[in-house]
Amino acid sequence: MQYLVNAYAEGDAKKLYPKENEKRAIVDLFLQFDLATLYQRTVEYYFPSILLGANLDETKKARLAEGLRFFDAMLKKEKKFSTSNDFTIADLSLCVTVSQIEAFQFDMLPYPKVRKWLKDCKLELESYGYEVIF
């Protein structure tokens, strides 16, 4: 996503991955958080069950819950999306992960900022064909 926005974004699409170093660093932080923490913990918890038929491991569930708590704490009420009021590639990446967690019916009630952020992301993506499938 980073390469594609750098190479091809024009106009408002450049906001997906801002050029300003400070703004870009924050987007990179959230991308890395998704890859190294939230997505990783989602895979560790659900994929053994999906791929191997194993029982869900409660210790891995606790680690996923911890990751969601971290994400909830990282979100700021004054920002609509994860890094700013502009939707970025960090939001896109995190939206895929959190949508999977939601689709697996993980209890999202303890994470009010994550729930609000996810709702805003889904609304942002509707015009691009995003739809919830359950």
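Quick caveat, the model's predicted, so the values are computed rather than measured. (Residues numbered from 1 in each chain as written. Predicted model: local features only at pLDDT ≥ 70, side-chain atom pairs only at ≥ 80, totals over all residues. Heavy atoms only, no water.)

Trainee: Is there a simple way to explain the overall build of the protein in this structure?
Mentor: Helices and strands together make up the secondary structure of the protein, namely five helices and zero strands. Tracing the protein from N to C terminus, the helices and strands come up as α-α-α-α-α. Its C-alpha atoms give the protein a radius of gyration of 15 Å, near enough to 14 Å, the size a compact globule of 134 residues would have. Expressed as lengths along the three principal axes of its C-alpha atoms, the size of the protein is roughly 50 × 25 × 25 Å. The contacts of the protein with a sequence gap of at least 6 include a subset with a gap of at least 24, amounting to 64%. (Helix = DSSP H or I, 4+ residues; strand = E, 2+ residues; numbered from the N terminus. Rg over C-alpha atoms; globule rule 2.2 N^0.38 Å. Contact = heavy atoms within 4.5 Å.)

Trainee: Is there a simple way to think about helix H3 (residues 58-74) in this case?
Mentor: Within an α-helix, residues lying three or four positions from one another point in the same direction, as the helix has 3.6 residues per turn. Taking 1.5 Å per residue, 17 residues should reach 24 Å; H3 reaches 24 Å between its end C-alpha atoms and fits that length. Within H3, the full set of buried residues consists of Leu-64, Ala-65, Gly-67, Leu-68, Phe-71 and Asp-72. Down the axis of H3, the buried set is contained in an arc of 155°. They therefore lie on one face. The elements touched by buried residues of H3 are helix H2 (21-52), helix H4 (89-103) and helix H5 (112-126). (Expected span 1.5 Å × (residues − 1). Buried < 20%, exposed > 50% of the residue type's maximum accessible area, 1.4 Å probe, protein only. Arc of directions from axis to C-beta.)

Trainee: In this structure, what is going on with the nonpolar core? I would like to understand it.
Mentor: As a rule of thumb, soluble globular proteins bury nonpolar side chains together. Leu-38, Phe-71, Val-98, Phe-106, Val-114 and Trp-117 are the most contacted members of the largest nonpolar core, which totals 31 residues. Top contributing element to this core by residue count: H2, with seven residues. For Phe-71, the contacting residues outside a window of four places in its chain are Phe-30, Phe-33, Leu-38, Leu-94, Val-98, Val-114 and Trp-117. (Core = buried A, V, L, I, M, F, W, Y, C linked by side-chain atoms within 4.5 Å.)

Trainee: Even after reading the chapter, I still don't get the pattern of salt bridges, so can you show me in this structure?
Mentor: Working definition: two side chains of opposite charge can pair if their charged atoms are close together. One pass over the full model with this rule turns up four salt bridges. Here Glu-66 ties to Arg-41 by a salt bridge, and the two come within 2.7 Å at their closest N and O atoms. With Glu-66 in helix H3 and Arg-41 in helix H2, the pair connects residues that are 25 residues apart, well separated along the chain. Classification of Glu-66 as partly exposed rests on a relative accessible area of 26%. Residue class for Arg-41 comes out buried when judged on its relative accessible area of 11%. Taking the shortest distance from any N to any O, the salt bridge between Asp-120 and Lys-116 comes out at 2.8 Å. Residue Asp-120 and its partner Lys-116 are both found in helix H5; the two are separated by four residues, about one turn of the helix. (Salt bridge = Lys/Arg side-chain N within 4 Å of Asp/Glu carboxyl O.)

Trainee: Got a minute to help me understand unusual backbone geometry in this structure?
Mentor: Trans peptide bonds make up the majority, and among non-glycine residues the majority have a negative phi. A positive phi angle, near 65°, is found at Gln-105, a position not held by glycine. Along the chain, Gln-105 falls in the loop between H4 and H5. For Gln-105, a relative accessible area of 68% puts it in the exposed group.

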